[in-house]
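Chain and residue survey
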2 protein chains.
Amino acid sequence: MDQLTDENGDVNVQQLPATDDEFGGVVVEMKEHMDSDVFRTLLKTSMSQWKLQGKKGIWIKLPINLSNLVDTAVKEGFWYHHAEPEYLMLLNWIPKSPCPIPTNASHIARVGAIVLNDKREMLVVQEKMGILRGVWKVSTGIIHQDEDITVGVVREVKEETGIDTEFVEVLAFSQEHNVFFGKSEVLFLCMMRPLSFEIQIQETEIEAARWMPLEEYASQLSVQEHGLRKCIKDLCLAKIKSGYTGFSPLPLTTDSNGNPSYIYVNKEDLKDFTIENLVSQV
Amino acid sequence: MDQLTDENGDVNVQQLPATDDEFGGVVVEMKEHMDSDVFRTLLKTSMSQWKLQGKKGIWIKLPINLSNLVDTAVKEGFWYHHAEPEYLMLLNWIPKSPCPIPTNASHIARVGAIVLNDKREMLVVQEKMGILRGVWKVSTGIIHQDEDITVGVVREVKEETGIDTEFVEVLAFSQEHNVFFGKSEVLFLCMMRPLSFEIQIQETEIEAARWMPLEEYASQLSVQEHGLRKCIKDLCLAKIKSGYTGFSPLPLTTDSNGNPSYIYVNKEDLKDFTIENLVSQV
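Here the residue index of a chain counts from 1 through its sequence in written order. Each chain takes a letter, starting from A, and each ligand takes a number, starting from 1, following the order in which they are written. Owing to the predicted nature of the model, reporting of local features is limited to residues with pLDDT of at least 70; listing and counting of side-chain atom pairs is limited to 80 or more, with chain, interface and lining totals taken over all residues. Calculation of side-chain values draws on the structure's entire complement of heavy atoms; hydrogens and water are dropped beforehand.

Turning next to unusual backbone geometry. All names here are of chain A. Even without being a glycine, Asn 178 presents a positive backbone phi close to 55°. Each helix is a run of DSSP H or I of at least 4 residues and each strand a run of E of at least 2, with the numbering of both proceeding from the N terminus. With respect to the element layout, Asn 178 can be found in strand S9 (residues 165–180). Only protein chains enter the calculation, and the probe is 1.4 Å; a residue is then buried if its accessible area is under 20% of its type maximum, exposed if over 50%, and partly exposed in between. Given the relative accessible area of 56%, Asn 178 is considered exposed. We note that Phe 181 has phi near 50°; this positive angle belongs to a residue other than glycine. For Phe 181, the location among the structural elements is in the loop between S9 and strand S10 (183–194).

Okay, structure coming up:
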C-alpha cells in the first residue's frame, strides 16, 4: 500500500495497489484493513486514472475480513462477480461496450459410481436425508473444484461405503439444469471395479449400503419409473452382456505441479490412431 | 417484513422474515432497504430463536442494492457462499458439526465444435485476443448456466462464424483444473454437421475463420505439439475412416417448463436395450 500521508502529515492521495491483467484490465487485491472513507477516496482517484489509461475490466478482491469495504465498492459502481467463503470478487467494466467477461462457474460436477462385483451384484446405498430417502441407488457425490473425476469417484465410494475401487471408464453423463441455486449439473456415471468387499457405511449421510443382485435392482419400482436409474440398469446389462464401450481417460497435459489432466475418449474406436503421444506440457 | 414499531411507536423487535428449507435450515431473503443497525438487532434476535429451534444452516440472500448489510452479516458470523452480479448469498451453520453444505459451482462447461464438411474440411477460427491469437483452432465457447450442451454448441458456432450446424454427438470431453479463478473446466468436443457454408465472422472476438482441409490442420505445428488439438485431429480421422462412436443424447427428464434434460451414451452399444422409454417426469 502506498503511504497515505506525507512527512508533514498531509493526506497524500494515492491509487489503490493494482496489477495489470492480460485482458487490458487491472486487479486490486486488498489485504490490509482500511477505513471505508479512505477506501472511497482512493477508489475514486484510481478509477479516474484507470479511465484515462484506457483500462477495461477492474477487479477488486476483498477478503471477508474487509467486508466493511463491500458497500463502498458497490456504491462506486462495482458489482459482484463471484464469492468464495473467504473472499468476494467485485467487477467494474469501464468501456461503453457490453462486458465480455465470463460469468462465474455455472456447473456442479457430480459422479455416480456403478460398482459391480463378479456375482453381478451392484453396490447400492440409501441416503439418510433428502428426497431420495429410502431409495436404493448408486453412490453419488460432488466433485471438488480441482479434483479429477477419476479421483473424486473413488473418494466418494470409499467415504460412503468403505469400499475401495478402481476407476474403469465413464459409461455416460447427463446434464441437468437448475439443480443448486440456479446452477446446472453434469453427472458422470462411472464404471468402477471393486478392490474390497466389506461395507462400512458413513454414519452421518448413509442409512444403509449393500451388494444388490442386478435383477433385484432392476425390479424396483424406483428404477422402472426413473429415467436415470433405468438407464444405469441398461448400461450395466449392456456392459456385462455385450461389452458396452464408454469413455476412458488419456493423460492430456500436466500442470506446473505435475498433475495430469485427462481427455475422455472411446479408446476402443481410437486404437488405430496415434493417441499414445498426446501429453503436452502447459 | 414484520412491523418494527407497535401502535405506541415503541420498537417491537421481531425476527427477520425466514422460510424453512428442506434440510432443517432457514432462508432469509432480504428485499426492502433496511438500516444496518436495525438489521443487526433483528439478526441477533433471529439467530437466538433459530438456535433454540435447533435450526442448522442459515442463509441470507442480499440483493446488491442492500450491500450496506453485508458487513453486519459477516460481523455476526456469516460467510460468503456464492455471489451473482445481482446478489450475495451468505451462510451460517449453527451446529457444532462440520458444515455439510456443498460449496458453490465448481466447473465451467465449455464446448468445442468440430464442424466437418463433405470435402473433409474443418471449420477453424483465429481468435482476436488471448494466448491463442494466430492459432487456427476449432470454435469454442462457454455454455451458459441453464443451457444444454447441444444448444450451446450450435449457438457458439453461429455467433463466431455465421455457420448453421446440427449437433451430432459428443466425441470426447476433457477436464482441466484452475482455469478461471481456481475453477475447473469440462470441455465437450462435439461433432457438428454444417447446414450452411458461407462464413460471416463475429468482428469483436474472431480475427478470421475458414474451411481448412483436415490434412492442413493436422500438419500445423500448433496441432502436432498440443495434446488436445492433436486429439481433435485423431478423433476426426477415426470418425471419417472407421466410424468412431461418441456419446449421443437421449432425453431423460422434462422440467416443469417442458424442457428436456439429456443423458449422453454410446447409443450404438446400447441399441439392444430398452432405452427408448427413459423419459420420466420430474
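That was the structure; now back to the text.
Moving on: the relation of the copies chain B and chain A. Only residues with pLDDT of at least 70 in both copies contribute their C-alpha atoms to the least-squares superposition of the copies. When chain B is fitted onto chain A, the two copies agree to an RMSD of 0.0 Å after a turn of 180° and an axial shift of 0.0 Å. Taken together, the turn and the small shift mark the pair as related by a two-fold rotation axis. Here, two residues are considered to be in contact whenever any of their heavy atoms come within 4.5 Å of each other. Comparing contact sets, 99% of the residues at the interface of chain B also lie at the interface in chain A, consistent with an isologous, same-surface contact.

Residues and elements named next belong to chain A. The mixed open sheet is built from 5 strands, whose spatial order is S1-S2-S3-S5-S4. In this open sheet, the two edge strands, each paired with only one partner strand, are strand S1 (19–20) and strand S4 (79–84). Pairing of strand S3 (residues 57–63) with strand S5 (residues 87–93) involves 7 bridges; the strand directions are antiparallel. Directly across from Gly 57, in S5, lies its bridge partner Trp 93. Across the sheet, helix H1 (residues 36–52) is in contact with strand S2 (26–29), S3 and S5; its angle to S3 comes to roughly 155°. Pairing between two strands is assigned when DSSP locates at least 2 bridges connecting them. Lines fitted to C-alpha atoms define the axes, with helix axes restricted to the stretch in contact, and inter-axis angles between N-to-C directions lie between 0 and 180 degrees.

At the junction of the two partners, chain B supplies 88 residues and chain A supplies 88 residues. For the pair chain B and chain A, the summed buried area comes to about 7,400 Å², and 64% of that belongs to carbon and sulfur atoms. Should a side-chain nitrogen of Lys or Arg be within 4 Å of a carboxyl oxygen of Asp or Glu, the pair is scored as a salt bridge. For the interface between chain B and chain A, the tally reads 2 salt bridges. Across the salt bridge formed by B:Glu84 and A:Lys183, the nearest N and O atoms sit 2.8 Å from each other. Counted as a polar contact is a pair of N or O atoms within 3.5 Å, where, for protein atoms, one must be capable of donating a hydrogen and the other of accepting one, and residues adjacent in sequence contribute only when both atoms are in side chains. Where chain B meets chain A, there are 33 residue pairs in polar contact (both at pLDDT 80 or more). Gly falls in the polar group here, along with every residue not listed as nonpolar (Ala, Val, Leu, Ile, Met, Phe, Trp, Tyr, Cys, Pro) or charged (Asp, Glu, Lys, Arg). Its residues assigned to classes, the side of chain B that touches chain A comprises 47 nonpolar, 27 polar and 14 charged. Pairing between S9(A) and strand S13 (residues 260–265) of chain B: 4 bridges, direction antiparallel. Its bridge partner being in S13(B), A:Phe173 is matched across the sheet by B:Tyr264. Accessible area, probed at 1.4 Å, shrinks when two parts are joined; the buried area is that loss added up over both.

Our next topic: helix H1 (residues 36–52) of chain B. Working note: α-helix, 3.6 residues per turn, so residues spaced by three or four point in the same direction. Residue and element names in this part refer to chain B. Here H1 contains 17 residues, and its C-alpha end-to-end distance of 24 Å stays within 8% of the 24 Å for a straight helix at 1.5 Å per residue. Within the sequence span of H1, burial applies to Phe 39, Leu 42, Leu 43, Ser 46, Met 47 and Trp 50. Down the axis, H1 shows its buried residues gathered within 140° of arc, on one side only. In this structure, H1 carries Lys 51 and Leu 52 as exposed residues pointing more than 90 degrees from its buried face. Where H1 is buried, its residues contact strand S2 (26–29), strand S3 (57–63), helix H2 (70–75) and strand S5 (87–93). Structurally, the start of H1 carries an N-cap: the backbone nitrogen of Asp 37 is 2.8 Å from a side-chain oxygen of Asp 35. Multiply 1.5 Å by the residue count of a helix minus one, and that product is the helix's expected span. Directions drawn from the helix axis to the C-beta atoms are what define this arc.

Take helix H3 (residues 149–161) of chain B next. Residue and element names in this part refer to chain B. Taking 1.5 Å as the rise per residue, H3 with 13 residues should run 18 Å; its terminal C-alpha atoms sit 18 Å apart, in good agreement. The complete set of buried residues in H3 reads Ile 149, Thr 150, Gly 152, Val 153, Arg 155, Glu 156, Val 157, Glu 160 and Thr 161. Remark: Gly 162 follows H3 within two positions and exhibits a positive phi of approximately 80°.

With that settled, consider the nonpolar core. The tendency in soluble globular proteins is for nonpolar side chains to be buried as a group. As used here, the term nonpolar core means buried Ala, Val, Leu, Ile, Met, Phe, Trp, Tyr and Cys residues forming a set that is joined through side-chain atoms within 4.5 Å. A:Phe188 and B:Phe188 are the most contacted members of the largest nonpolar core, which has 99 residues in total. Excluding residues within four positions of it along the chain, A:Phe188 makes contact with A:Ala109, A:Arg110, A:Val111, A:Gly112, A:Ile149, A:Val170, A:Ala172, A:Phe173, B:Phe173 and B:Val186. Ranked by size, the runner-up nonpolar core spans 50 residues in total, among them A:Val28, A:Leu42, A:Ala83 and B:Leu66.

This paragraph deals with the sheet that holds strand S4 (residues 79–84) of chain B. Residues and elements named next belong to chain B. Judged by pairing direction, the sheet is mixed, and its 5 strands sit side by side in the order S1-S2-S3-S5-S4 without closing on themselves. Two strands lie at the open edges of the sheet, namely strand S1 (19–20) and S4, each paired on one side alone. In the sheet, S4 pairs with S5 via 5 bridges, with the strands oriented antiparallel. Bridge pairing in S5 places His 82 opposite Met 89. With respect to the sheet, H1 is in contact with S2, S3 and S5, its orientation differing from that of S3 by roughly 155°.

Another aspect to go through is the pairing of S3(B). Residues and elements named next belong to chain B. Among the 7 residues of S3, 5 are classified as buried, and the element is accordingly described as predominantly covered. Two elements, S2 and S3, share 4 bridges in a ladder whose sense is parallel. What sits directly across from Glu 29, in S3, is Lys 61. Clockwise travel from the first strand over the helix to the second, with the strands pointing away from the viewer, marks a crossover as right-handed. Chirality of the crossover, the property in question, places the unit of S2, H1 and S3 among those that are right-handed.

Moving on, we come to the domain arrangement of chain A. All names here are of chain A. Boundaries between domains were set according to an automatic or database domain assignment. Segmentation of chain A into domains returns domain 1 (19–93), domain 2 (107–242) and domain 3 (248–281). The distance between the C-alpha centroids of domain 2 and domain 3 comes to 25 Å. Facing 7 residues of domain 2, the contacting portion of domain 3 comprises 5 residues. The contact between domain 2 and domain 3 buries some 410 Å² in all, and 57% of this surface belongs to carbon and sulfur atoms. For the pair domain 2 and domain 3, the number of links is 0 salt bridges. Along the contact surface separating domain 2 from domain 3 lie 0 residue pairs in polar contact (both at pLDDT 80 or more). Mapped onto the side of domain 2 that touches domain 3, the elements with two or more residues apiece are helix H3 (149–161) and S9. By residue number, the principal contributor to the side of domain 2 that touches domain 3 is S9, which donates 4 residues.

UniProt positions are given in the numbering used here, feature names are shortened, and annotations may be inferred rather than shown by experiment. According to UniProt, the feature "domain: Nudix hydrolase" (unreviewed entry) maps to residues 106–236 of chain A in the numbering used here. Structurally, residues 106–236 of chain A is divided into 25% helix and 43% strand, and its ends, taken at the C-alpha atoms, are 30 Å apart.

Looking now at the packing of aromatic side chains. Two rings from Phe, Tyr or Trp (for Trp, the six-membered ring) form a pair when their centres are within 6.5 Å of each other. A pair whose planes differ by under 30 degrees is stacked, one over 60 is edge-to-face, and the rest are tilted. Under the defined criterion, the tally for this structure stands at 20 aromatic pairs over all chains. Here A:Phe173 and B:Phe247 contribute two aromatic rings whose centre-to-centre distance is 6.0 Å and whose plane-to-plane angle is 45°, an arrangement assigned as tilted. Taken together, the positions of A:Phe173 in strand S9 and B:Phe247 in the loop between helix H6 (227–242) and strand S12 (248–254) put the pair across two chains. With relative accessibility at 0%, the residue A:Phe173 sits in the buried group. Assessed through its relative accessible area of 0%, B:Phe247 is described here as buried. An aromatic cluster is present here, built from A:Phe167, A:Phe173, A:Phe188, A:Phe247, A:Tyr262, A:Tyr264, B:Phe167, B:Phe173, B:Phe188, B:Phe247, B:Tyr262 and B:Tyr264 joined pairwise through their rings. Its guanidinium or amino end placed over the ring of A:Tyr87, A:Lys61 lies 4.3 Å from that ring's centre, counting from NZ or CZ. We count a charge as sitting over a ring when the NZ of a lysine or the CZ of an arginine lies within 6 Å of the ring centre and within 35 degrees of the ring normal.

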